[in-house]
Every structure is written in C-alpha cells, then in structure tokens.
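Spelled out from the first residue to the last, the chains are:
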Amino acid sequence: MRTLYFILILTSIYPAYSQQIKNGIILPENSYPPSYENITYMNYNLLESDIEKAENIVLQNKNQIEKHPNYLAGNKKGVFGNFKKYYRQYYGFLNKENEPMILINYVLGKNKKIKNKETYIDVMDGGNSYWRVIINLETGYLVDFYINGEA
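What comes next is a walk through the structure. (Residues numbered from 1 in each chain as written. Predicted model: local features only at pLDDT ≥ 70, side-chain atom pairs only at ≥ 80, totals over all residues. Heavy atoms only, no water.)

1. With respect to the layout of surface pockets
Leftover empty space is mapped by rolling, across the atoms, a probe with the size of a water molecule.
Next, step 1: Empty space within the largest pocket amounts to approximately 350 Å³.
Next, step 2: For the largest pocket, the lining is made up of twelve residues, of which N23, I51, E52, E55 and Y90 are closest to its centre.
Next, step 3: Elements with a contribution of two residues or more to the lining of the largest pocket: α2 (48-60) and β4 (87-95).
Next, step 4: Sorting elements by how many residues they give to the lining of the largest pocket places α2 first, with six residues. (1 Å grid on protein atoms, 1.4 Å probe; cavity = no way out; pocket = protein on both sides within 12 Å on 5 of 7 lines; lining within 4 Å. Points joined across faces, edges and corners; volume = space filled by probe spheres on them. Helix = DSSP H or I, 4+ residues; strand = E, 2+ residues; numbered from the N terminus.)

So, in structure tokens, the structure goes:
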C-alpha cells in the first residue's frame, strides 16, 4: 500500500505531459529537441526553481550572448530588447555525467499555433526571433547558445 501511495505522489509531482507556466511550457519527455553533443536524453523533471535559476544564468551571460553574430539579425532590438516577450519551451535532461541540464527555446511571435505547442519548435531562419540556450543546472554554466540567422 505504501508503494502505491509513493507512485501516486510521484506521478502528481512529475507529470509525463507538458506543463504550462507563465511565459511558456515545460516540454514532455517524448518531445525530444534536436540532437546535441553530450546529451543523453534521459529526462530530467524540471522544477520552477530550475527554470528561475536558468533564466538568471541567461541574464548573467548577457554580454556573451550580445556578441553572437546574429544578435541583431531580424529585430534590431536584439534578444534582450524583447526578452520578456519571448515564448519559452523548457526541456530538462541529463548529460553524460548525469548532471541536470535545461534547454530553453525562445520563440518570438503571436502565432497561436506556437503557443502551447507540446513539441519542440525548430525554425531554420527567422533571425533573433528564434534562439536557444543549454545550461548545466549543476554547474551554473551556459553550455551552448545559438541565435538564428536570416535567409
């Protein structure tokens, strides 16, 4: 009986489906983003504190991100000029060292098809309306970031 209660508690804390949050969505386990090096796609269930920590790490790395060649591609305000307007997709996973990681996919736009989308949105161009970061939550390190270019 205790095992049943434990399972019920875990499934209520860590849902296997997408979870809406203020500026976006936590992607479900089955919505793997594009392949990146050193990613083992073992799902890591993100907490709101993980998301808050990751967003703070992005802001702490503002100077580095602003140096990206596509920073002003598209919208001349750059990504931080519109930072609060981006819709976010959050995906948690573990790297090869079993450290918790988060991929944040930033999408700028009012397209209703984009909002609440439970699969990873992958856009090839679009300038700085589309960008993403990968953060190691254990080390607090910005592992990778990419801002789309223009066709």
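2. What to know about the environment of L47
Next, step 1: By secondary structure assignment, the location of L47 is in the loop between β3 (39-43) and α2.
Next, step 2: By relative accessible area, L47 is classed as partly exposed at 37%.
Next, step 3: Along the sequence, L47 and G92 sit 45 residues apart, while their C-alpha atoms lie 9.4 Å from each other. (Buried < 20%, exposed > 50% of the residue type's maximum accessible area, 1.4 Å probe, protein only.)

3. A word on the packing of aromatic side chains
Next, step 1: Counting across every chain of the model gives eight aromatic pairs.
Next, step 2: For the pair F83 and Y106, a centre-to-centre distance of 5.7 Å together with 40 degrees between the ring planes defines the contact as tilted. Of this pair, F83 sits in the loop between α4 (78-81) and β4 while Y106 is found in strand β5 (residues 100-107), placing the two residues 23 residues apart along the sequence. Accessibility classification places F83 together with Y106 in one group, the buried group.
Next, step 3: Arranged with centres 6.2 Å apart and planes meeting at 25 degrees, the rings of Y91 and F93 form a pair that is stacked. (Phe/Tyr/Trp six-rings, centres within 6.5 Å; stacked < 30°, edge-to-face > 60°.)

4. Some details on α2
Next, step 1: Here α2 spans 18 Å end to end across 13 residues, near enough to the 18 Å set by a 1.5 Å rise per residue.
Next, step 2: For α2, the set of buried residues is D50, I51, A54, E55, I57 and V58. Mapping the buried residues of α2 onto a view down its axis gives an arc of 155 degrees, with all of them on the same face. Away from its buried face, by an angle of more than 90 degrees, α2 presents the exposed residues E48, E52 and Q60. (Expected span 1.5 Å × (residues − 1). Arc of directions from axis to C-beta.)

5. Some remarks on the pattern of salt bridges
Next, step 1: Overall, the coordinates contain one salt bridge when judged by the stated rule.
Next, step 2: Put simply, E55 and R88 hold a salt bridge, and the shortest N to O gap is 2.8 Å. Of this pair, E55 sits in helix α2 while R88 sits in strand β4; the two residues are 33 residues apart in sequence, bridging distant segments of the chain.
Next, step 3: Taking the relative accessible area as the measure of exposure, E55 reaches 11% and is therefore buried. (Salt bridge = Lys/Arg side-chain N within 4 Å of Asp/Glu carboxyl O.)

6. Quick notes on the pairing of β4
Next, step 1: The element β4 is largely enclosed, with a buried count of nine among its nine residues.
Next, step 2: Here β4 shows a buried face lined by Y87, Q89, Y91, F93 and N95 and a second buried face lined by R88, Y90, G92 and L94.
Next, step 3: Note: β4 against β5, eight bridges, orientation antiparallel. Looking at β5, one finds that R88 is bridged to Y106.
Next, step 4: Two successive antiparallel strands, β4 and β5, enclose a turn made up of four residues, where N98 displays a positive phi of approximately 65 degrees. (Pairing = 2+ DSSP bridges.)

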